Amino acid sequence: MRIDGKTRLYGIIGHPVGHSMSPAMHNAAFAATGINGVYVAMDVEDAGRAVRALRELGYIGVSVTVPHKEAVMAHVDEIDPVARRIGAVNTLFFYRGPGEKDVVVRGFNTDWQGSNLALAEKIRLAGSRVLVLGAGGAARAVGFGLVEAGAEVMISNRTEAKGRALARSLGCRFVAPERLAEVRGDVLVNTTPVGMTPHVDALPIDPALLPRFSLVMDIVYAPLETRLLREAAAAGCRVIDGLAMLQYQGAVQFKIWTGRQPPVEVMRRALLEQLQV
Ligand code: ATR
């Protein structure tokens, strides 16, 4: 695929953004589907000024990452209802409605869908009992996704006040870390950075509790096989690695931006190659 006068523009805004794996993932998807598009990383400090510039320059689709996911919401024309409830936008779509003169910027959150799609490959979410570790931005997206899919969610977090606040906004139960031994569930999702390089021996939960779950997902992807996933597999659980959510949130973006079916395997391979760089 050659860049020419008709190449459509896509990208990611964040600060910093140089280590993002999204350019590799989306450019691989464009190449595999024959779409004449290019996706670049843009390090920006002011989300509002960036959105105005992107609109002016004719961008079609833009990912939004740290620290702009909340601030960008004040600068878009429309917000998807689930993104509004989560309180974070990670995807912008610039479009012109039929007969409309001006470009409309719509904000979505595909993180929750990425998490749901990754889990739904292995389990039926409706009615499943899911324990989510952590209460940050990732936990919020994962938790809202699970509630949306009809799962029964429990939140556990080191800092109780933050965990309780998230549980309240999800309408679900909070479990204090010292009471985790009382929990029974089907699925465990780690949304904390515990276990990430260089602290690869750290575990976000007592491994003696792992056999209670049939499926364990970690959103940490460096290393790809975290100690949590290794111990979970040894305990007989099925496991989902941290690239799955990334891959599927990107796949949903691709669908929003192009209207085409995303080449999910190509996207995963591109992410795997990036991890090795
Ligand atoms: P993100 O937006 O990527 O989810 P975050 O907002 O920094 O990141 O949230 C990180 C989550 O991991 C928090 O719930 C945090 O717990 P606290 O609320 O107690 O800070 C949790 N976390 C981070 N480091 C942790 C650690 N060493 N042990 C347990 N939990 C940890």
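About the cut-offs
- Residues numbered from 1 in each chain as written.
- Predicted model: local features only at pLDDT ≥ 70, side-chain atom pairs only at ≥ 80, totals over all residues.
- Heavy atoms only, no water.
- Helix = DSSP H or I, 4+ residues; strand = E, 2+ residues; numbered from the N terminus.
- Rg over C-alpha atoms; globule rule 2.2 N^0.38 Å.
- Buried < 20%, exposed > 50% of the residue type's maximum accessible area, 1.4 Å probe, protein only.
- Areas by Shrake-Rupley, 256 points an atom, 1.4 Å probe, with all protein chains shown as cover.
- Lys, Arg positive; Asp, Glu negative; His and termini not counted.
- Charge placed at Lys NZ, Arg CZ, Asp CG, Glu CD.
- Polar contact = N/O pair within 3.5 Å; in protein donor to acceptor, adjacent residues only side chain to side chain.
- Contact = heavy atoms within 4.5 Å.
- Domains from an automatic or database assignment.
- Buried area = accessible area lost by both parts, 1.4 Å probe.
- Salt bridge = Lys/Arg side-chain N within 4 Å of Asp/Glu carboxyl O.
- 1 Å grid on protein atoms, 1.4 Å probe; cavity = no way out; pocket = protein on both sides within 12 Å on 5 of 7 lines; lining within 4 Å.
- Points joined across faces, edges and corners; volume = space filled by probe spheres on them.
- Nonpolar A, V, L, I, M, F, W, Y, C, P; charged D, E, K, R; others polar.
- Axes fitted to C-alpha atoms, helices over the stretch in contact; angles between N-to-C directions.
- Parallel < 35°, antiparallel > 145°, perpendicular 65-115°, else oblique.
- Left-handed = near helix turned anticlockwise from the far one by under 90°.

Peer 1: Help me get a handle on the overall build of the chain, residues and values and all.
Peer 2: Each helix and strand counted, the chain has nine helices and 12 strands in total. For 277 residues, the compact-globule estimate of 2.2 N^0.38 gives 19 Å, and the C-alpha radius of gyration of the chain, at 19 Å, lies within 12% of that figure. Dimensions along the principal axes, computed over C-alpha positions, put the chain at roughly 60 × 35 × 30 Å. Burial statistics for the chain: of 277 residues in total, 51% are counted as buried. Summed over all atoms, the accessible surface of the chain reaches about 13,000 Å², with 52% contributed by carbon and sulfur. Here the chain holds 31 positive side-chain charges and 27 negative ones, and the gap between their average locations is 3 Å.

Peer 1: Run through the side chain of Thr 91, naming residues and quoting values.
Peer 2: Structurally, the position occupied by Thr 91 is in strand 5 (residues 91–95). Polar contacts involving the side chain of Thr 91 include one to the side chain of Gln 253, which spans 2.9 Å. When near neighbours in sequence (up to four residues on either side) are disregarded, Thr 91 contacts Val 62, Val 64, Arg 106, Gly 107, Phe 108, Thr 110, Gln 253, Ile 256 and Trp 257.

Peer 1: Pulling in residues and values, what's your account of the domain arrangement of the chain?
Peer 2: Along its sequence, the chain is organised into domain 1 (8–109 + 245–276) and domain 2 (112–240). On a C-alpha basis, the centres of domain 1 and domain 2 stand 26 Å from each other. Contact residues are listed per partner, giving 13 residues for domain 1 and 15 residues for domain 2. Taken over both partners, the interface formed by domain 1 and domain 2 buries close to 1,400 Å², and the fraction arising from carbon and sulfur atoms is 70%. The three residues of domain 1 that bury the most area against domain 2 are Ile 86, Met 245 and Tyr 248, which together make up 44% of that side's buried surface. Taken together, the links from domain 1 to domain 2 amount to one salt bridge. Where domain 1 touches domain 2, the interface holds six residue pairs in polar contact (both at pLDDT 80 or more). Mapped by element, the contributors of at least two residues to the side of domain 1 that touches domain 2 are helix 3 (81–86), helix 8 (243–258) and helix 9 (264–276). Element by element, the count of residues in the side of domain 1 that touches domain 2 is highest for helix 8, at five residues.

Peer 1: So what's going on with the pattern of salt bridges? Which residues, and what values?
Peer 2: Taken as a whole, this structure holds 10 salt bridges when the rule is applied. For Arg 106, the salt bridge identified is with Glu 78, shortest N-O distance 3.3 Å. On the criterion of sequence distance, the pair formed by Arg 106 in strand 6 (residues 104–108) and Glu 78 in strand 4 (residues 78–79) is long-range, its members being 28 residues apart. Classification of Glu 78 as partly exposed rests on a relative accessible area of 26%.

Peer 1: Quick rundown of the layout of surface pockets? Include the residues and the values.
Peer 2: Considering only enclosed or pocket space, the largest pocket measures out at about 1,200 Å³ in volume. Lining the largest pocket are 40 residues, and of these Thr 65, Val 66, Lys 69, Tyr 221 and Leu 246 lie nearest its centre. Listing elements by their share of the lining of the largest pocket, those giving two or more residues are helix 1 (22–33), strand 3 (61–64), helix 5 (137–148) and helix 8. When its residues are assigned to classes, the lining of the largest pocket shows 21 nonpolar, 15 polar and four charged. Residues from two domains meet in the lining of the largest pocket; each of domain 1 (8–109 + 245–276) and domain 2 (112–240) gives at least three. The volume enclosed by the second largest pocket comes to roughly 370 Å³. If you go around the second largest pocket, you meet 19 residues; those closest to its centre are Gly 134, Asn 157, Arg 158, Thr 192 and Val 194. Element by element, the count of residues in the lining of the second largest pocket is highest for helix 5, at three residues. Its residues placed into classes, the lining of the second largest pocket shows nine nonpolar, eight polar and two charged.

Peer 1: Give me the lowdown on the packing of helix 5 against helix 6 (residues 160–170), citing residues and values where you can.
Peer 2: Close contact between helix 5 and helix 6 brings their axes to 10 Å; oriented N to C, the two are set at 30°. Of the possible angle classes, the one that applies to helix 5 and helix 6 is roughly parallel. In this structure, helix 5 meets helix 6 at a crossing whose hand is right-handed. Along the contact surface, helix 5 presents Ala 139, Arg 140, Gly 143, Phe 144 and Val 147, while helix 6 presents Leu 166, Ser 169 and Leu 170. Of the residues belonging to the contact of helix 5 with helix 6, the class tally is five nonpolar, two polar and one charged.

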